[in-house]
Amino acid sequence: MSQAKLEVRDLRVSFAGHPVASVPELNVDGGEIVGLAGESGSGKSMTILAVLGLAGTAGAAVTGSVRLDGQELIGLSAARLRAIRGRRIAAIFQSPALAFNPVFRVGAIVSRTLRQHGLSGAEATARADAAMRSVLLPPELLDRYPAQLSGGQLQRVAIALALALRAEVLLADEPTSALDVTVQAEVLELLRELRDSRGMAVLFVSHDLAVIAELCDRVAIMRAGQVVEQGPTGQVIAAPRHDYTRELLAAVPRLGE
Amino acid sequence: MSRFGRFLRANPLIATGGVIALLIVLIAVFAPLVVPYPADAGAATHPEIALQAPSAQHLFGTDQVGRDVFSRVLAGARVSPVVALFVLLISCVVGISLGVLAGYFGGVTDEIIMRITDIFLAFPPLLLALAFATVLPANLTSLTIAIAISWWPWYTRLVRGQAASVAGRPYVEACRALGIPSWRILLRHVLPNSVTPVIVQVSLDVGGVILTASALSFLGLGAQDPTPDWGLMVAEGQNYFTTQWWLVTFPGLAILITALAFNLLGDGLRDVLDPRRVLVR
Amino acid sequence: MADDILLDVRDLRVSFGPVRAVDGVSLAISRGPFGIALVGESGSGKTTVGRAILRLVPASGGTIAFDGQDVLGLRGPRLRAYRRAVQIVFQDADNSLDPRMRIGTTLGEVLIAHGLAGRGALGGLAGRGALGGRATARVAAQVAALLSEAALDPALASRYPHQLSGGQRQRVAIARALAVSPRLLVLDEPTSALDVTAQARILALVRRLRDERQLAYLLITHNLAIIPGLCEQMVVLYLGRVAESGPTGELLARPAHPYTLALRSAVPEIDAAARRSRIILPGDTPQAGSTPPGCPFHPRCPLAIDVCRTTVPPLQAVAPGRQAACHRAGEVLSGLRPPGAPAQLAEDPGRPR
């Protein structure tokens, strides 16, 4: 059995002895979008941070295994994690404005990140421009400051950065929750594009089950730090096995009535 | 009682500050009964034993006219801190009221109040206090008023910013939408939520006021000799600092400890007053 | 028919300096039980309309009439009386309650301020302490009743807001709005910040209150999915203007405006069968005040033609009870749909400096 791009096994995140997230098994392959669904407090965001190796900075203790192409990430030195983070695993978060330092032009942040991962100035510019075009933004927008871009545009720049770095895995923590619904549709379309044409492995965290239903190939439902159910999206939604999943599905308002 | 004990253990800042402050208050209250040489706190002079180093009979030594420094330091607890108390009380009442009105109503009210405040702030505080003190008769009451006049604008400015921020918060807007009258909103919502920075500032200012009072007393505009004002004692003793260090050190320590105690108390109080804090119950 | 109208908004305009957040919006809210939804994304002005109705922001034009009486000119005791009849629940449940006051005090304050706590209850400065024992008990009883009505445990009255969950806080906000027994409730994105299960509870609560209290409400939201079942009528806003309005079921089934088409298609659906092909609008939702000439939607509209760039389409009837502001409304209503081409390179310049 070939290994998945990203393999999570027995991941446990806890704060001062209190467990906040526990994921026994989760695989994300190249060319698929896996969803992590749950309400607030379910531990889904902590899981993302743990995969990124950033849970420690939040004060959490992490045990278990997270493998990228077979390479174990938990326990790696900070320097080696830094090389991997961004370059091979990229992340986008709910509030894109927070990810960009407001005193720098967006392009400056992008090119600095690219150069930090080994690209020359010219290469960085070329890749950045190409990436911007991939997310359907004019490269001139890189000359703007974050405050001059809308939430949707900033989120797409964040995705562009992940593309420019040629990241293999994209972790997305509620990337569209703060966006208008028409803009959200654009960003979701973009993520589908990344999956299909670039073969990216995407782990998508959201509390919006409808978005997950539309976007994700497979889904894991989390509640109070535990994974209660997981499987192919269509199956989980059509035939939920856990009561909580049923409860969640029943609560989702449906337009198509 | 054990609940209180647990509270103190979980909040060492308040505990320490509170205990010392309590001590100072007790000393202030019971000073006349406790000091070894009550007359020395007053007009008595004993030139024959002047400038003696600390000893068994005179724990803090004697000053330049032979008075027991220990007695005077203890008695001083009734002077400087009390002046500071009244100064800060007056400043708070005036400063906070004006600040809340300016911050909440904005517009013309804000402009008028803040311009007046700015005028007062334009003067170096000591100079302003000085100016008023010169006009008034030289005693502790005048001293208190003079310093208060120069002190209140800082609180107005502090509170105004906070009040303006609170006035824009959703829960205040909700109150307006609910038809709750302005005076009620000011009193029950804006005021309690704007006062925290002042609490901390007041505790830091205790030391500052005492020092300002001492400067004015030194210039002869406030406490007069023989009043055992700590600041005055420091001022009077500074000429002897290198040789008879006890004249300056002990009153100075008294100021330091008092300021520190209230500082700790203020810090602790600010934390406790935040209802979001997880309290030890 | 005119007697049925509780709140009549005509040609409302609200400006913040040079920015026209609301640029000529009209809507009519019937007497309860009745629900109408005001739908739009950021920059549409929907929140501002709600605030203007509550007199929290000044209107720069148009009229608002409640029960036939002008609202915009109200002052003093009449304004306070209006504020008993019309109430609002804000989006930000976390911050719409004073963090330093207990829930019971917050609710009691409203009752006392409006003299609703029965005879003998003075406008106590210190709250409970200043009231007589009987009055305090009366207030407490009313507070408990309000909390129960909002499906909350009355014991929560002694808690602070941060000790409650987001859903509970929002229900307290609803209870507070109900304290004055309003006839019209404005709900400004009441569930946007909540988990889906908490949202379901709030929506069920609103439905129940509608029946029990004969309530009329204006539901301001960007989430189309919560509207059916709650609101009979809906109004779609874009850049401060009405794009279209009409009965909810009809409007959603057969839109008459391209924006409604796009909005509806963008809503993610759990049931695969209910999904429609996505209409991806280029660019981002424009900021309020950045209105282009002609139709405000034309830069992003997949069906725009020449006239759209020059002439503002008037809001006109396109079917009984339905209005739309689009030059091609008739065609859209008859089934005109944008071609399935992927979005072109976006030209939208984002926020101006």
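Definitions and limits used
- Residues numbered from 1 in each chain as written.
- Chains lettered and ligands numbered in written order.
- Predicted model: local features only at pLDDT ≥ 70, side-chain atom pairs only at ≥ 80, totals over all residues.
- Helix = DSSP H or I, 4+ residues; strand = E, 2+ residues; numbered from the N terminus.
- Buried ≥ 20, exposed ≤ 12 C-beta atoms within 10 Å, placed from the backbone.
- Rg over C-alpha atoms; globule rule 2.2 N^0.38 Å.
- Contact = placed C-beta atoms within 7 Å.
- Nonpolar A, V, L, I, M, F, W, Y, C, P; charged D, E, K, R; others polar.
- Expected span 1.5 Å × (residues − 1).
- Bend = angle between axes of the 7 residues up to and from the residue.
- Pairing = 2+ DSSP bridges.
- Axes fitted to C-alpha atoms, helices over the stretch in contact; angles between N-to-C directions.
- Left-handed = near helix turned anticlockwise from the far one by under 90°.
- Parallel < 35°, antiparallel > 145°, perpendicular 65-115°, else oblique.
- pLDDT = per-residue confidence, 0-100.
- Right-handed = clockwise from strand over helix to strand, strands pointing away.

Thoughts on the overall build of chain B
Working step 1: Scanning chain B from N- to C-terminus turns up 12 helices and zero strands.
Working step 2: Seen along its three principal axes, the alpha-carbon backbone of chain B occupies a region of about 75 × 55 × 30 Å.
Working step 3: Within chain B, the fraction of its 281 residues that count as buried is 44%.

Looking at the overall build of chain A
Working step 1: Check the secondary structure of chain A and you find 10 helices and 10 strands.
Working step 2: On C-alpha atoms alone, chain A measures out to a radius of gyration of 18 Å, which is about the 18 Å that the 2.2 N^0.38 rule sets for 257 residues.
Working step 3: Overall size of chain A, expressed as C-alpha extent along the three principal axes, is 55 × 50 × 35 Å.
Working step 4: For chain A, with 257 residues in total, the buried portion stands at 51%.
Working step 5: A sequence separation of at least 24 residues applies to 66% of the contacts in chain A between residues at least 6 apart.

Some details on the arrangement of the chains
Working step 1: If you rank the two pairs of chains in contact by how many contacts each has, first place goes to chains A and C.
Working step 2: Structurally, chain A and chain B remain out of contact, their C-alpha atoms never closer than 16 Å.

Examining the interface of chain B and chain C
How large an interface is tends to be reported as the accessible area lost when its parts come together.
Working step 1: If you look at the interface, chain B gives 19 residues, while chain C gives 24 residues.
Working step 2: The residue makeup of the side of chain B that touches chain C, split by class, is 10 nonpolar, three polar and six charged.

A short note on helix H2 (residues 12–34) of chain B
Residues that lie three or four places apart on an α-helix share one face, since the helix turns once every 3.6 residues.
Residue and element names in this part refer to chain B.
Working step 1: For H2, built from 23 residues, the straight-helix expectation of 33 Å at 1.5 Å per residue is missed by more than 12%, its first-to-last C-alpha distance being only 29 Å.
Working step 2: At Ala 28, H2 shows its largest bend, some 45 degrees, and a proline, Pro 32, comes one to four positions later.
Working step 3: The set of residues buried in H2 consists of Ile 14, Gly 17, Ala 21 and Ala 31.

Section: the sheet that holds strand E1 (residues 5–16) of chain C
Residue and element names in this part refer to chain C.
Working step 1: With antiparallel pairing, the four strands of this open sheet are ordered in space as E2-E1-E4-E5. Each of the sheet's edge strands pairs with one partner strand only, and the pair in question is strand E2 (19–30) and strand E5 (69–70).
Working step 2: Pairing between strand E4 (residues 61–66) and E5: two bridges, direction antiparallel. Bridging across to E5, Ala 65 finds its partner in Asp 70.

Considerations on the packing of helix H4 (residues 80–105) of chain B against helix H5 (residues 107–122) of chain B
All names here are of chain B.
Working step 1: Look at H4 against H5: their axes get within 7 Å of each other, and the N-to-C directions meet at 145 degrees. Classified by chirality, the crossing of H5 by H4 is left-handed. Between H4, through Leu 98, Leu 101, Ala 102 and Phe 105, and H5, the contact on the second element is made entirely by Gly 107, Thr 109, Asp 110, Ile 113 and Met 114.
Working step 2: Across the contact of H4 with H5, the residue classes break down as six nonpolar, two polar and one charged.

Looking at the interface of chain A and chain C
Working step 1: On the side of chain C, 34 residues touch chain A, which itself brings 38 residues to the contact.
Working step 2: At the level of elements, helix H6 (151–164), helix H7 (181–198), helix H8 (209–215) and helix H10 (243–251) of chain A are the ones that each hand at least two residues to the side of chain A that touches chain C.
Working step 3: When its residues are assigned to classes, the side of chain A that touches chain C shows 19 nonpolar, nine polar and 10 charged.

Points about helix H3 (residues 69–76) of chain B
Working step 1: With eight of eight residues buried, H3 of chain B lies mostly within the body of the structure.
Working step 2: Buried within H3 of chain B we find Val 69, Phe 70, Ser 71, Arg 72, Val 73, Leu 74, Ala 75 and Gly 76 of chain B.

Some words on the packing of helix H6 (residues 125–135) of chain B against helix H10 (residues 196–218) of chain B
All names here are of chain B.
Working step 1: Relative orientation of the contacting elements H6 and H10 amounts to 45 degrees, with a least axis distance of 11 Å. As summarised for this structure, H6 and H10 are arranged oblique, according to the angle between their axes. In the packing of H6 onto H10, the handedness of the crossing is right-handed. Residue-level inspection shows Leu 126, Ala 129, Leu 130 and Ala 133 of H6 in contact with H10, the latter providing Thr 212, Ala 215 and Leu 216.

Some points on unusual backbone geometry
Residue and element names in this part refer to chain C.
Working step 1: In the segment running from Gly 32 into Pro 33, the intervening peptide bond is cis, with an omega of -5 degrees.
Working step 2: Structurally, Pro 33 can be placed in the loop between E2 and strand E3 (34–39).
Working step 3: In this structure, Asp 11 is a non-glycine residue whose phi angle is positive, near 55 degrees.
Working step 4: Considering the arrangement of structural elements, one finds Asp 11 in strand E1.
Working step 5: Residue classification places Asp 11 among the exposed positions, given that 12 C-beta atoms sit within 10 Å.
Working step 6: Phi angles above zero are rare outside glycine, and Ala 151 is one such case at about 60 degrees.
Working step 7: By the secondary structure assignment, Ala 151 is in the loop between helix H4 (133–149) and helix H5 (166–178).
Working step 8: A residue is classified by how many C-beta atoms lie within 10 Å of it, and Ala 151, with 16 of them, is partly exposed.

What to know about the confidence of the model for chain A
Working step 1: Mean pLDDT over chain A stands at 87; residues scoring 70 or higher make up 98%.
Working step 2: Mean pLDDT per element in chain A: helix H3 (residues 96–99) of chain A is the minimum at 77, and strand E9 (residues 218–223) of chain A is the maximum at 94.

With respect to the environment of Ile 24 of chain B
All names here are of chain B.
Working step 1: Within the fold, Ile 24 resides in helix H2.
Working step 2: Separated by 111 residues in sequence, Ile 24 and Val 135 have C-alpha atoms that sit 32 Å apart.
Working step 3: Among all residues touching Ile 24, those that are not within four sequence positions of it are Ala 77, Pro 81, Thr 258 and Ala 261.

What about the pairing of strand E8 (residues 201–206) of chain A?
Successive side chains on a regular strand alternate, one facing one side of the sheet and the next facing the other.
Residues and elements named next belong to chain A.
Working step 1: Taken across its six residues, E8 has six buried, putting it largely inside the fold.
Working step 2: Burial along E8 is two-sided: the face carrying Ala 201, Leu 203 and Val 205 and the face carrying Val 202, Phe 204 and Ser 206 are both buried.
Working step 3: As defined by bridge partners, strand E3 (residues 32–38) adjoins E8 across six bridges and the pair is classed as parallel. Bridging from a neighbouring strand, Leu 36 pairs with Val 205 of E8.
Working step 4: Between the parallel elements strand E7 (residues 169–173) and E8, the chain passes through H7 in a crossover that is right-handed.

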